[in-house]
Amino acid sequence: MGPMLEVKGLNKSFGGLRAIRDVDFAVREGEIRGLIGPNGSGKSTFFNLLSGVYAVDSGTVVFDGRDLTNSEPHEVAAAGIARTFQLLRMFTEMTVLENVMIGYHNHVKYGALAGVFGFGRVASEEKIIRDEMMEVLAFIGLEDFASIPASELSIGQRRLLALGRAMAMKPKLLLLDEPAAGLSPVNVDNIMLIILRMKEKFNLTVVIVEHILKVVMETCDRISVLDHGVKIAEGVPSEIRDDEAVVEAYLGREMDDEEVKRAISA
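These lines cover the structure that appears in this document, whether it is placed above or below. As the structure is a prediction and not an experimental result, all values here were calculated from the model.

**Structural notes on the packing of helix α3 (residues 96–103) against helix α6 (residues 155–168)**
Argument step 1. At their nearest, the axes of α3 and α6 sit 6 Å apart, and the two run at 35 degrees to each other. Our pair here, α3 against α6, has a crossing hand that is right-handed. Of the residues in α6, those in contact with V96, N99, V100 and G103 of α3 are L161, G164, R165 and A168.
Argument step 2. Taken together, the residues of the contact of α3 with α6 break down into four nonpolar, three polar and one charged.

Written out as structure tokens, the structure reads:
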């Protein structure tokens, strides 16, 4: 069986700057894959190409046997790919539960007209959805906050809500864009645990872009490394930790190699 996600020869330029250069990237079903690299390495651009935010200059993106190259974001979502964003995008005036229910909108089976007239079947389905979304909130630890405005959540809780909203889309592949950004060490550990539990419970395949190397080193099966838009390394965490090209890309040669490796490990 081939990979669930297969990217071949991906290229993207902005003006004269090549942000992504001939990147190949394949993810097997059930894998947690990390994507790391120093600032400006092309990680976010790569995610934007996968999720349809940016158009591809050349190369192909195939997911679950379907060519998604240059598909619109809603087409990518409909194919089974959900994505969280580095910048927390949520409807702050809506409740936590309503935010999660928005993630479910692709699965609502009744029409808008039926919703206006409040047919019994619609009310019944609405309750089923609401109950299911409450289960999602319970899973990520936000059940007690369901009825409060999302604006009242802490940064850590907003990160969890972003996960919950992506889970509500019932994806096959989940793209996590810096899920631990801005979190305290305790909350970093919490979100790592939830990602692992989420992958098992919902049978997800996950790709994580993250600056906090502890997250990818301790949760990912394999890691790919970008530097200046080029994939410079790929392998299991121990291989990446000891890769001289990765060490140099992150910190240059100013530090002793062992000191650099300890920093990456931490």
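**Things to note about the sheet that holds strand β9 (residues 222–227)**
Argument step 1. Ordered in space as β6-β7-β8-β3-β9-β10, the six strands form an open sheet in which the pairing is mixed. Of all the strands in the sheet, just β6 (81–83) and β10 (230–235) have a single pairing partner and so form its edges. Averaged over all pairs of adjacent strands, the angle between their axes in this sheet comes to 20 degrees, without regard to strand direction.
Argument step 2. In terms of strand pairing, strand β3 (residues 32–36) meets strand β8 (residues 205–209) through four bridges, oriented parallel. Looking at the pairing, I32 lines up with V206 of β8.

What counts, and at which threshold
Residues numbered from 1 in each chain as written. Predicted model: local features only at pLDDT ≥ 70, side-chain atom pairs only at ≥ 80, totals over all residues. Heavy atoms only, no water. Axes fitted to C-alpha atoms, helices over the stretch in contact; angles between N-to-C directions. Helix = DSSP H or I, 4+ residues; strand = E, 2+ residues; numbered from the N terminus. Left-handed = near helix turned anticlockwise from the far one by under 90°. Contact = heavy atoms within 4.5 Å. Nonpolar A, V, L, I, M, F, W, Y, C, P; charged D, E, K, R; others polar. Pairing = 2+ DSSP bridges.

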